[in-house]
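Listed here are the chains, written in short residue letters.
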Amino acid sequence: MPTAPPPRRTAAGVRLARARTALTRPTAVLGACTLLILTVLVVAPLVGLVNTTLMEGGRDAWGDVFASPMSENLLWRPMGNSILVGVATAAGSTVIGGFLAWVVVMTRIPGRWLLGLLATIPFALPSFALALAWESVFRNGLIGGSTGILVNLGVAVPDWLAWGPVPVSATLTAHYFSLSFMLIAAALASVNGDLMEAAELTGASTLRVARDIALPVVAPAMVSGALLAFAEGVSNFVTPALLGLPVRFHTLSTRLYGAISTGDVSRGYVLSIVLIVVAAMIMYASTRLTGGRRNFATITGKGGRRRSVDLGPWARPVAALAWLLVACTTVVPGAVLVLSSLTRRTNDFTSGFTLHYWIGGSDPAFAQGRPGILNNPQILQATGNTVLLGVCVALGAGVLGLLVSYAITRSTGSRWLPGTLGVVSFVPFLIPGIALGAAFIAQFGAPIGPIPSLYGTFAILVLAGIAATIPFAVRSGTSALSQVSRDVEESAVMAGAGLFRRIGAVIAPLTARGLFTGGVLVFVQMVRDLSLVVLLATPAMPVLAVLTYQYSSENFTQLANAVTVVIAVISVGATVLARRLEGAAQPWNQNS
Amino acid sequence: MRLSGMLSASAALPLALALVACGGGTPQEPAADTPAEPHELDSATHEELVELAQEEGTVTVYSFTSRIASIEAEFEAAYPGIDLVGHDISSSEQITRLRSESQAGAPSADVAYISDAPVVITELVAGGVLQNYVPPRVAETVPQEYREPLLANRLSTKILMYNEEAHPDGSPVENLWQLTEEEWNGRVVMVDPAVRGDYLDLMAEIVRRSDEMAQAHQEHFGSEVSLDEGVENAGRQFIKDLYANGLVLVDDTDNVNQAVGGTGQEDPPVGITSYSDRRDNEEEGWALQASLGTVPSTGITFPAYIGMVNGAANPAAARLVADFLMGDDSETGGPSFEPFYVPGDYPVRTDMAQPGDAAPLEELGAWDIVPEETAQIRDGVADFLLTL
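Residues numbered from 1 in each chain as written. Chains lettered and ligands numbered in written order. Predicted model: local features only at pLDDT ≥ 70, side-chain atom pairs only at ≥ 80, totals over all residues.

Trainee: Just give me the short version of the overall build of chain A, but keep the residues and values in it.
Mentor: A tally of helices and strands in chain A yields 27 helices and zero strands. The proportion of buried residues among the 592 residues of chain A is 56%. If you take every contact in chain A between residues at least 6 apart in sequence, the share linking residues at least 24 apart comes to 76%. (Helix = DSSP H or I, 4+ residues; strand = E, 2+ residues; numbered from the N terminus. Buried ≥ 20, exposed ≤ 12 C-beta atoms within 10 Å, placed from the backbone. Contact = placed C-beta atoms within 7 Å.)

Structure, rendered in C-alpha cells:
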C-alpha cells in the first residue's frame, strides 16, 4: 500500500482521509470493484437499451405505450396480467417449494433423496412441456383440433380452466417452484440442529418448531426464491403465448416479444424498461411487507448436527402430498416430453410411437429426411459446446456472484453500495434475452481500445451468459451468506486471514450448498435458454437450445422434443453431480 | 441480500435509473440511412466470380429456413473448394442481428436469405445493410417486382385454409365477410398478428385493399359497409368485426394447422396458414386445403429475398450463392432449387414450371404484397389491432 502524506486539518483533508479509510476497507473496495464489473456487464447494455428508445424515430414509442388509444391493450392490461401471474407464481412457488424443501430436508419420509432430485427437474424442463402437459389434460374445444383427456372423457372443461390466467399461473408455478425448493432446501439444510432440539426440549410442537425456528431462518431464501419466481414468471413468454393467447390474455412479455418480432424494436424496449421498473417496485414492496426482519445467523461454527422432525401419524399424508406434487410437476410433464418425441404425428399420442426421431437413419417419410438425433454428429458437437458454455458461465457467474453477495451482506458503511449492487444484479433477469444479446453485440462488437472485437467469439457468449445469469448467482449467494455468522469470519481475521483467504477457505466451504445451488441454476438456465444465445451463438458453434429452436421452427416437433430431453438429462445430471461435489466440499456433513 | 439492506434498494433504484438516463454508456451509431452503392462485382462474369470465390474459400449464409442445410451440401458439390456455412435464423432475428452487426462494423454473414419483406426493404435495404444483386443469368426471367429493390427466388403464402375431410365439396367460405357472421363465431383461427410479422402483413394487405373489401361486402350482404366511429375504411371494419366475432389467436402456425386440419373433427374451424403446410397432411394426419375462390381474396403471397450483406468478407462467393439459389435453367430449377420446389410455394422465375399438387398462382388468387406500400401502413394497422 502506498504511504499517504499526513492529512491536513482542512474539511477537504478530512474528507480525503475518510475516503482513504474507506479504500483501505477491503469490503468497500470489493464492493466498488464488483459494481464496476456489473456496470460493464449490466448497466451498459441497459443504457444501450434506453438509448435506442430515445433515438430518432424511437421517441414516439414512449407516447405510444403510455398515452395513446393503444395504451390499455399494450400496457395497462398486460401489466396487470403480468403482476397477477408473477405474484401468483411467486406465492405458489414459495408454498410448494417450501413444503417440499421441508419434507426433503427435515423429515424422514422414505425416498426423500429421490423426491429432492425430482423436485429440481421442472426448472430444467422447457416451459412448453409444462404447458403441453396442461393442454393434454385440460384442452377444450375452443381452438379446434384435438382435445384433452378430460373432454375426451366427457367432462366439460370451462374456458377459464383451459386458457388464461389460471392455467398460465399454475403451469408457471409448476415450472419455477424448483427455484424456491432449491434455495429453501439449501437454507434449511444449514439450520442448526441444536436450535430445534432446544425448542423441542422446551415442549414446542413440531408445527411450532417449523413456524418459529425453521421459518424465520429460511426467510431470506424464501424471499430470494419468491423474487426469482416472480421475475421468471413475468418474463416467461412461451406459457402465456400458448395458454393465454386463445382468450387474448396478454402479458407484458407477450406484448414485448410481439413488438420486437414485428419490427417495432423501440416499443419493445420501452415495454421491457417498464417490466424492469415494475419488478423493481415489487421487489421494494416485498421488502416492506417482510419488514426489517433480522437475519438469523445459523452457521456459527458450533455444533452442526442436523435433526429431523418426527411426523408421527402425519407421515403418510405428507408423503402422499409431496409425491403427488412431484408427480404432477415432474413425472407428467417429463413423460409428456419424452412421449412427444416418440409420437409418429406431432403431439398426437394416439398416432402410434416410433424411435425414429432418436435412432432412425435418414428416411424421407420422416421430417423430410432428417436423421434421428443420436445418429446426427452435429448433436454430439452441440452437446459438447453446450456443456462447456454452461460450465464456463456457471464458474464465472459463481465467482462474481459470491463476491457481489459478500459485498452486499458484509458492507458496513453506506447503504447505497449494497442497495445498488442488489438492484443492478437483479436487473438482467428482466431484460429480454434477445435485447441483451443485441446490446452485447453493439457494445462488444467493435474493438474498444486494446480489446479486439469480441463478436463471433466464445468469450462474448460467456460474458453475456454471466450477465444474464448473475441474478441466480447473487440471489443464492446472498441467501446462503446471510446465514453465516460473522463470528466465524472474525475468528479467521484473528488468525490473520485476508479477505480472499477468508472467502476462499471459510465462506465458500461453509456456504457450499447455497453456492452449488446457484451454480446449478446458472448452468441449467444457460443450457436451456435460447433467447440470449440465438443472436450471439457463434456460427461455427452450434448449441443445443439453438438446434431445438431450428427444429421446432421447421415443425420437426419430435426432433425438437428429443433434443429437449437431452437438455433436461444434462441439467439433471448437473444437479446430481453438484450434490456430490457439495458433499465433498462439506465433509463434516457426511453423516447427515 | 440482507432484508434491511433491501430497503436501501429503493434508494438505489432512482440512482440506477439516473445513471441510465444520463446516457453515456454504449455508443449507438445510427445505421447508415442511405442505400448501399452498387458493388464492383455486380457485373462480373460467372467465371470471374468462381475464380474469386475460390480464393475467398468460404461463404456464410443466414437463412430463415432450415432447408439451407440441403443447399449447403448441393452448393459444396457444385463448387468444390468453397465452404458454405449455413445458419438457420428466423427473419426477425436476422434483422436484429444484421442491424447490430452493421452498427458494430462487424458483419459476419455474406448472404441473407430472408422473409419479412416490409421491414427488410424499408430498413435493411434502404439503410444500406443489405444490397441487391441480380445474377445476369436470370435477370431476363425474373419479373421486375422480384428483381427490385431486392432479388427474390420464390413466393410463400398466408392464406385461408379449411378442412377438406369435413368439407369435401370445396371451401365453406366463399366470401371473407362470412367470417364475421354467427356461423363462424369462435371458429376462425390464426396466429396473433401482434406477435408474427407475416400475419401482420396479411392484415395490412386487407386494409390496403379496402376498396375490394367494400365491394365484397356489397356482394355478400347486398349493402354498403357501414363504418363504426373511428374506423377509417372497409378493411379495418372487417378486421374489427372479425376480432369481435370471437377470432381465436394462437402462438404458432402448427397450432393453426392442427386446429383446422386435424382429421376426425365434426365441425372444424377455418384458419390462416401457409399453403405449403399442406404437404405435411399425410405425415401429420391433417386435411388442410386452400380455400380457393374466396372473394375478394384468399390471402397473401410474399417474397423470400436474397440479400448481399454490405461490407461482407466474401462478396464473390456471396454472388455465387445468389446465383445458385435461383435454380438452374431446367423447369424445376434442378437440385439447387429442389428444397424450395414444393406445392404451395411459387418460384418467381417465369421459365420455371409451377410445382404440381397445388393450385397455380393465378388460380390461387392471393394478393401479392407490395413491401414498400405495406410498410407505409403496417405500423398503423398494428396500432389499430392493439385497440381491438
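Trainee: Can you tell me about the overall build of chain B, naming the residues and giving the values?
Mentor: Check the secondary structure of chain B and you find 14 helices and twelve strands. Against the 2.2 N^0.38 benchmark of 21 Å for 388 residues, chain B shows a C-alpha radius of gyration of 24 Å, consistent with a compact globule. On the principal axes, the C-alpha backbone points of chain B span a range of 75 × 65 × 40 Å. The proportion of buried residues among the 388 residues of chain B is 54%. (Rg over C-alpha atoms; globule rule 2.2 N^0.38 Å.)

Trainee: Tell me about the confidence of the model for chain B, and name the residues and values.
Mentor: The predicted coordinates ought not to be read in detail in places where the model reports low pLDDT. Residues and elements named next belong to chain B. On average, chain B scores 87 in pLDDT, and the residues at 70 or more come to 91%. The least confident element of chain B, judged by mean pLDDT, is helix H1 (residues 3–21) at 38; the most confident is helix H9 (residues 234–244) at 96. Here residues 1–31 scores under 50 on pLDDT; set against residues more than four positions off or in separate chains, the count is 79 contacts. We note a pTM of 0.80 for the whole complex and an ipTM of 0.77 for its interfaces. (pLDDT = per-residue confidence, 0-100.)

Trainee: Describe the domain arrangement of chain B, naming the residues involved and giving the relevant values.
Mentor: Residue and element names in this part refer to chain B. Each domain of chain B was delimited in the assignment, giving domain 1 (40–155 + 302–358) and domain 2 (157–301 + 380–386). For domain 1 and domain 2, the distance between their C-alpha centres works out to 31 Å. Each partner contributes to the interface: domain 1 provides 13 residues, whereas domain 2 provides eleven residues. The residue makeup of the side of domain 1 that touches domain 2, split by class, is eight nonpolar, three polar and two charged. (Domains from an automatic or database assignment. Nonpolar A, V, L, I, M, F, W, Y, C, P; charged D, E, K, R; others polar.)

Trainee: So, the domain arrangement of chain A: which residues are in play, and what are the values?
Mentor: Residues and elements named next belong to chain A. Partitioning chain A into structural domains gives domain 1 (29–45 + 367–586) and domain 2 (75–251 + 308–340). Summarising the inter-unit geometry, the C-alpha centres of domain 1 and domain 2 are found 24 Å apart. Between domain 1 and domain 2, the residue contacts involve 24 residues of the former and 23 residues of the latter. A total of nine residues in the side of domain 1 that touches domain 2 trace back to one element, the largest contributor, which is helix H27 (residues 557–585). In terms of residue class, the side of domain 1 that touches domain 2 is made up of nine nonpolar, twelve polar and three charged.

Trainee: With reference to specific residues and values, describe the packing of helix H8 (residues 210–221) of chain B against H9 of chain B.
Mentor: Residues and elements named next belong to chain B. Look at H8 against H9: their axes get within 7 Å of each other, and the N-to-C directions meet at 65°. For the pair formed by H8 and H9, the contact residues are Ser210, Met213, Ala214 and His217 on the first element and Ala234, Gly235 and Phe238 on the second. In the contact of H8 with H9, the residues fall into four nonpolar, three polar and no charged. (Axes fitted to C-alpha atoms, helices over the stretch in contact; angles between N-to-C directions.)

Trainee: Lay out the pairing of strand E8 (residues 270–273) of chain B with the relevant residues and their values.
Mentor: All names here are of chain B. The two faces of E8 match: Val270 and Ile272 on one face and Gly271 and Thr273 on the other face are all buried. Bridging between strand E5 (residues 151–163) and E8 involves three bridges; their strand directions are antiparallel. Paired with Ile159 across the strands is Thr273, a residue of E8. Here strand E6 (residues 188–191) runs beside E8; their pairing, made up of two bridges, is parallel. For Val189, the partnering residue across the bridge sits in E8 and is Gly271. (Pairing = 2+ DSSP bridges.)

Trainee: Can you break down the nonpolar core residue by residue, with the values?
Mentor: The biggest cluster of nonpolar side chains holds 296 residues, and the ones touching the most others in it are Leu188 and Val563 of chain A together with Val111, Tyr113 and Val321 of chain B. Each residue touching Tyr113 of chain B, except ones within four places of it in the same chain, is listed here: Val61, Tyr62, Ser63, Phe64, Ile68, Ala304, Ile306 and Leu325 of chain B. (Core = buried A, V, L, I, M, F, W, Y, C linked by C-beta atoms within 7 Å.)

Trainee: How would you sum up helix H23 (residues 499–510) of chain A? Please name residues and give values.
Mentor: All names here are of chain A. When the terminal C-alpha atoms of H23 are compared, their 15 Å separation across twelve residues agrees well with the 16 Å that a helix rising 1.5 Å per residue should span. All of the buried residues in H23 are Arg502, Ile503, Ile507 and Leu510. End-on, the buried residues of H23 take up no more than an arc of 95°, which puts them together on one face. Set apart from the buried face of H23 by more than 90 degrees, the exposed residues are Phe500 and Ala505. (Expected span 1.5 Å × (residues − 1). Arc of directions from axis to C-beta.)

Trainee: Lay out helix H10 (residues 165–189) of chain A with the relevant residues and their values.
Mentor: Counting along an α-helix, one turn takes 3.6 residues, and residues three or four places apart therefore face a common direction. Residue and element names in this part refer to chain A. Counted at 1.5 Å a residue, the expected span for H10 with its 25 residues is 36 Å, and the 35 Å between its end C-alpha atoms agrees. The axis of H10 is deflected most strongly, by about 40°, at His175. In terms of residue burial, H10 counts as a mostly covered element, since 23 of its 25 residues are buried. (Bend = angle between axes of the 7 residues up to and from the residue.)

Trainee: Go over the environment of Val321 of chain B with me, naming the residues and quoting the values.
Mentor: Residue and element names in this part refer to chain B. Its location among the elements puts Val321 in helix H12 (residues 315–325). On the neighbour-count criterion, Val321 (28 C-beta atoms within 10 Å) is buried. C-alpha separation for the pair Val321 and Glu140, spaced 181 residues apart in sequence, amounts to 18 Å. If we ignore the near neighbours within four places in the chain, the residues touching Val321 are Val59, Val61, Phe75, Leu84 and Val111.

Trainee: Give me the packing of helix H7 (residues 127–138) of chain A against helix H16 (residues 315–340) of chain A: which residues, what numbers.
Mentor: Packed helix pairs are specified by the crossing angle of their axes together with the interaxial distance, meaning the distance between the axes. All names here are of chain A. The interhelical angle for the contact between H7 and H16, taken along N-to-C directions, is 95°, at an axis separation of 9 Å. When the axes of H7 and H16 are compared, the pair comes out roughly perpendicular. Between H7 and H16, the contacting residues are Ala129, Leu130, Leu132, Ala133 and Ser136 on the first element and Val332, Pro333, Val336, Leu337 and Ser340 on the second. Of the residues assigned to the contact of H7 with H16, the class counts are eight nonpolar, two polar and no charged. (Parallel < 35°, antiparallel > 145°, perpendicular 65-115°, else oblique.)

Trainee: Tell me about the environment of Val59 of chain B, residues and numbers included.
Mentor: Residues and elements named next belong to chain B. Along the chain, Val59 turns up in strand E1 (residues 58–63). Judged by the 26 C-beta atoms lying within 10 Å of it, Val59 falls in the buried class. The spatial distance from the C-alpha of Val59 to the C-alpha of Asp228 is 54 Å, given a sequence separation of 169 residues.

Trainee: A description of unusual backbone geometry should follow, citing residues and the corresponding values.
Mentor: Residues and elements named next belong to chain B. Following Glu148, the chain continues into Pro149 via a peptide bond in cis, with omega recorded as -10°. Of the consecutive residues Val295 and Pro296, the connecting peptide bond is found in the cis state with omega at -5°. Tracing the sequence through the fold places Pro296 in the loop between strand E9 (288–290) and strand E10 (299–309). Positive phi is not limited to glycine here, since Asp116 has a value of about 60°. Along the chain, the position of Asp116 falls in the loop between strand E3 (111–114) and helix H5 (117–125).

Trainee: So what about the pairing of E3 of chain B? Which residues, and what values?
Mentor: All names here are of chain B. Burial along E3 is two-sided: Val111 and Tyr113 and Ala112 and Ile114, pointing in opposite directions, are all buried. Alignment of E1 against E3, held across three bridges, turns out to be parallel. Note that in E3 the partner of Val61 across the bridge is Val111. The pairing of E3 with E10 spans four bridges and is classified as antiparallel. Residue pairing for E10: Ala112 is matched across the bridge by Gly307.

Trainee: Just give me the short version of the environment of Asn561 of chain A, but keep the residues and values in it.
Mentor: Residues and elements named next belong to chain A. Within the secondary structure, Asn561 is located in helix H27. On the basis of neighbour counts, which here come to 29 C-beta atoms within 10 Å, the residue Asn561 falls in the buried class. Sequence spacing of Asn561 and Thr409 is 152 residues, and the spatial spacing of their C-alpha atoms is 42 Å. Contact partners of Asn561, with chain neighbours within four places excluded, come to Leu337, Ser340 and Ser341.

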